[in-house]
Amino acid sequence: MALPVLLLLCTAPLVRGHGSGVVIDSCEDMELHHSGLSPQTAPSPFTVTTEQRRYGLGEDVIVELQGPASTPFTGFLLEARELGSKSPVGSFAIPEGAAQLLTCSQRANSAVSHTSGFNSSYVQVTWRSEPSRDIKAVHFCASFVQNSATFWINVTSPVLTFTNGRAARSAGALTTSTDNGSLQPGSLVKSAGPISSADCGVTKVCFSQPSNCDPAVSASCYFMSAKMLAGGEAVHFEMTGPYEGYIAFGFSDDQRMGNDDIYVCVMKSNGQVEVEHMYSTGRSKPQVLPLGNVYNITTSLQNSVISCVFTTTNTISIEGTSGFNQSYYLLFSYGPSNNGSIRIHMGTFTSNKRININNPLVVGKDDVPDIIKAHGSLMLIAWMTTGSLGMMVARYLKKMAKGKKMCDKDLWFMVHVGAMCLTVAATIIAFILVFVHSQDWSGGAHPVLGCLVLILSLIQPIGALLRCGPQHHLRYLFNWTHFLNAVVIKSIAVAAIFTGLDRIDSDDGWLLKVMGGFFAWEVLFIIILEVHDWVVKHRDDTADQMESALVKGDSCLIAVYLLGNLCFLVALLVGIGEK
C-alpha cells in the first residue's frame, strides 16, 4: 500500500557568492555555507502554503511563498523531499519572474531558487509529483533570506497526503467544522472525537486547570494537550475551556509573559472560531503571525465551551531556543475578545517546570510565588482581623474604657486609630508587592476591587484628620460618612479576598470554604452584638446598670469573636502558605 506523502519545500539564504541563486552546494543540507552566520530563532514572517492538502500521481500542486508587503525576501531555494530523506522528489515547472530551476541530487528541475536582483514578498511555483512510484511521507520546508545577515531556515508548509483521485483545488475544499456542522474556509476537515484526558502521560503531554480535570466530563476544565506524531516533525495540539472569548497556550523560556510562541483559539468577528498563531515580545499585546504550517483544524463552540484541535509542523521558536526537542514552560491563559481581537487575559496558569513535548506526562501547575502569598496574607490580616478589631472597638467598646486616657486621648480612640493605621499600612504594602511582582494589570475583578480598597482606605484617614469638633453642629455628617465609607471598604475588601483566593485555591475549594466560614463568623457576631445592645437598652434598668451590662456583655462577645477570628486566620494563612 502506498504511504502518505509529505512535501518538504526548503529555501536557502541569499549570501555573498549566492546572489545568482545557483546554490547547488546547499541542496543536500539546506544550510547557509561560507557565511559564518546563524539563522533567526524567532518565528519567520514568511510562509509556505499550497492550494490543496491532497494530491494524486503526476498531479500539479501550486506552491506559494509569501510575506508581509513591507518585508520582502531577497532569496530562496525550493525543494520537495520525502520525510526523513534528503533526496528531492518530483519536479518543478519553469517558473515565471525572477526564479530559476536547479538540479539537485542529479534530478533535473528538482529545486527552484531566486535569480540575481530578486526582491519580492510573493512567489508562486508549480510542483508536479512523480507519475508512478512508491509514495512516502513528504512535506514542504522553506528558508527565506531577508538580507545578507537575516535569514530563516526550516519554514515548513502544511502536509499534503496522497490520494488515488484528483485533489480538489477550490477554497471550499479547505474547511473548518463549526457548531452547526457547516463548513467554513480555513482548513482541511478532519473527523475528531471529543477532547479528553485519555492517554495523558501515555502518548501526550497534558496541562489543565483544575489539575487532572477531564474536559470530556467537566465543562469548567481548561485543558491543552500536545502529542508528537510519528517522525517527530509534527505535533497534534488540543485546547478547550469555558468560553469567555478566547483561550490560548504558549511555550516560554520562563514563567512570565514575554518571548512566547503562542496559539490562540478565538471567536472572530464573523462568528466563527479560528486558530491564530502569535508571538509576544513583552508585556504588550502579542503580535499576530501568519498561521503557517497548520492543518487538520477542527474548531467548535458548544454549550459555552470553546475548543480547537489542529496539527502543525511549525517549529516551536522563541528567542534563543527552537525545536520540538527542547524544553519549555507551558503557559495557558483565557479572557474576552472584542470583534475577534483578544483582550487582556482574565486568568492564567503556568507549568511548574520545563517540559519537552516528546516526553508524555501530566504537567503540574506552578506553585504560587511567595510574593503573591505575602500579598494575600497581608490583605487577609488587614481586613479580616486588624480592620475588624478597629471597627468593633469604635462601635462597641467606647464605654469599657470610659475615662481612661492615652496621649490625652480616650483609650478606645487610640486603640481604634492604631488598629486602622496598621490596616492601611498593610494594604499599601500588599498593593506594592503585587504590582512589583506583576508589573502589569491583570484581568478580572480582583485588581479592580483591590484598587478601590486602597483608594477608599487612603480617603478614610484623610477625612478623619479634617473632621470638625465633637460639638460642631455638622459633626453628624462626618460620623455617618466615616461609618458608611468603612462599611463600603469592608465589603469590597471581603469581595477582593474571595476573588483572590479563588485564583490560587485547590480543586476542592478549601480556601474559599474556610473564608466563607470566616466571614460568616464575623457577620454572626455583629448580629449578636447588635441584638444584645438593643435588648439591654430596652430593659427597665438604671443608666449605670445598663452601661455595666453593655460593657460586660460586649466584652465577652468580642473576646469569643477574636478567639474564633484567630483560628480562622491561622487556618487560611497556613493554607495560603502551602500553595
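Residues numbered from 1 in each chain as written. Predicted model: local features only at pLDDT ≥ 70, side-chain atom pairs only at ≥ 80, totals over all residues. Heavy atoms only, no water.

**What to know about the overall build of the protein chain**
Here comes step 1: Helix and strand content of the protein chain: six helices and 32 strands.
Here comes step 2: Counting all 579 residues of the protein chain, 47% fall into the buried class.
Here comes step 3: When contacts within the protein chain are restricted to residue pairs at least 6 apart in sequence, long-range pairs at least 24 apart make up 65% of them.
Here comes step 4: Surface summary for the protein chain: the accessible area is close to 27100 Å², and the carbon and sulfur share equals 58%. (Helix = DSSP H or I, 4+ residues; strand = E, 2+ residues; numbered from the N terminus. Buried < 20%, exposed > 50% of the residue type's maximum accessible area, 1.4 Å probe, protein only. Contact = heavy atoms within 4.5 Å. Areas by Shrake-Rupley, 256 points an atom, 1.4 Å probe, with all protein chains shown as cover.)

**Section: the packing of helix α3 (residues 446-465) against helix α4 (residues 475-504)**
Here comes step 1: Two elements in contact, α3 and α4, have axes whose closest approach is 9 Å; the angle formed by their N-to-C orientations is 155 degrees. Classed by the angle they form, the pair α3 and α4 counts as roughly antiparallel. Taken as a pair, α3 and α4 cross one another with a handedness that is left-handed.
Here comes step 2: Classifying every residue of the contact of α3 with α4 gives 14 nonpolar, nine polar and one charged. (Axes fitted to C-alpha atoms, helices over the stretch in contact; angles between N-to-C directions. Parallel < 35°, antiparallel > 145°, perpendicular 65-115°, else oblique. Left-handed = near helix turned anticlockwise from the far one by under 90°. Nonpolar A, V, L, I, M, F, W, Y, C, P; charged D, E, K, R; others polar.)

**Overview of the sheet that holds strand β6 (residues 91-92)**
Here comes step 1: Here four strands make up an open sheet; going across it, the order is β1-β3-β9-β6 and the pairing antiparallel. The sheet is open, and its two edges are formed by β1 (47-50) and β6, each paired on a single side.
Here comes step 2: When β1 meets strand β3 (residues 60-66), the two strands line up antiparallel, connected through four bridges. Across the sheet, the residue bridging to Thr-47 is Gln-66, located in β3. (Pairing = 2+ DSSP bridges.)

**Let's talk about the state of the cysteines**
Here comes step 1: The final tally for this structure, using the stated rule, is three disulfides.
Here comes step 2: Paired through a disulfide, Cys-265 and Cys-308 show a sulfur-sulfur distance of 2.0 Å. Given an S-S torsion of about 75 degrees, the disulfide between Cys-265 and Cys-308 has right-handed geometry. Taken together, the residues span a long stretch of sequence, with Cys-265 in strand β20 (residues 260-267) and Cys-308 in strand β24 (residues 305-312) at a distance of 43 residues. The pair Cys-265 / Cys-308 is uniform in exposure class, with both members buried. (Disulfide = S-S within 2.5 Å.)

**A look at the pattern of salt bridges**
Here comes step 1: Scanning the model with the defined rule gives six salt bridges in all.
Here comes step 2: Across the pair Glu-238 and Lys-204 runs a salt bridge, and its minimum N-O distance is 3.2 Å. Of this pair, Glu-238 sits in strand β18 (residues 235-242) while Lys-204 sits in the loop between β15 (183-185) and β16 (205-209); the two residues are 34 residues apart in sequence, bridging distant segments of the chain. Here Glu-238 matches Lys-204 in class, with each residue buried.
Here comes step 3: For Lys-373, the salt bridge is made with Asp-370, and the minimal N-O distance between the two is 3.9 Å. Of this pair, Lys-373 and Asp-370 both sit in helix α1 (residues 370-396), three residues apart, roughly one helical turn. (Salt bridge = Lys/Arg side-chain N within 4 Å of Asp/Glu carboxyl O.)

**Description of the packing of α1 against helix α5 (residues 510-537)**
Here comes step 1: The N-to-C vectors of α1 and α5 enclose an angle of 0 degrees; their axes lie 13 Å apart at closest approach. Our classification of the angle between α1 and α5 gives roughly parallel. Only Met-515, Phe-518, Phe-519, Glu-522, Ile-526, Leu-529, Glu-530 and Asp-533 of α5 make contact with α1, whose side of the interface consists of Leu-380, Met-384, Thr-385, Ser-388, Met-392, Arg-395 and Tyr-396.
Here comes step 2: In terms of residue class, the contact of α1 with α5 is built from nine nonpolar, two polar and four charged.

**Some details on the pairing of strand β17 (residues 222-228)**
Here comes step 1: Here β17 lies mainly inside the structure; six of its seven residues are buried.
Here comes step 2: Summarising the sheet, β16 and β17 pair through five bridges and their orientation is antiparallel. The partner of Cys-206 across the bridge, within β17, is Ser-225.
Here comes step 3: Bridging between β17 and β18 involves six bridges; their strand directions are antiparallel. Within the sheet, the bridge partner assigned to Ala-226 lies in β18 and is Phe-237.

**Let's talk about unusual backbone geometry**
Here comes step 1: Note that the residue after Gln-209, namely Pro-210, is joined by a cis bond; omega there is 0 degrees.
Here comes step 2: In this fold, Pro-210 is placed in the loop between β16 and β17.
Here comes step 3: For Asp-199, which is not glycine, the phi dihedral falls at a positive 70 degrees.
Here comes step 4: Within the secondary structure layout, Asp-199 lies in the loop between β15 and β16.
Here comes step 5: In this structure Asp-199 comes out as partly exposed when scored by relative accessible area, which is 45%.

**Let's talk about the packing of aromatic side chains**
Here comes step 1: Throughout the structure, instances matching the rule amount to 26 aromatic pairs.
Here comes step 2: Measuring from centroid to centroid gives 5.6 Å for Phe-46 and Trp-152, while their planes differ by 80 degrees, and the two rings are edge-to-face. One end of the pair, Phe-46, is in the segment before β1; the other, Trp-152, is in strand β12 (residues 150-156), with 106 residues separating them in the sequence.
Here comes step 3: Judged by its relative accessible area of 1%, Phe-46 is buried.
Here comes step 4: Under the relative-accessibility criterion, Trp-152 is labelled buried at 8%.
Here comes step 5: Here the aromatic residues Phe-46, Phe-73, Phe-76, Phe-118, Phe-144 and Trp-152 are joined through ring pairs into a cluster of three or more. (Phe/Tyr/Trp six-rings, centres within 6.5 Å; stacked < 30°, edge-to-face > 60°.)

**Some points on the sheet that holds β17**
Here comes step 1: With mixed pairing, six strands are arranged side by side in an open sheet as β23-β24-β18-β17-β16-β30. Edge positions in the open sheet fall to β23 (294-302) and β30 (362-363), since each of these has one partner strand only.
Here comes step 2: Pairing of β18 with β24, which is carried by eight bridges, proceeds in the antiparallel orientation. Across the sheet, the residue bridging to Phe-237 is Phe-310, located in β24.

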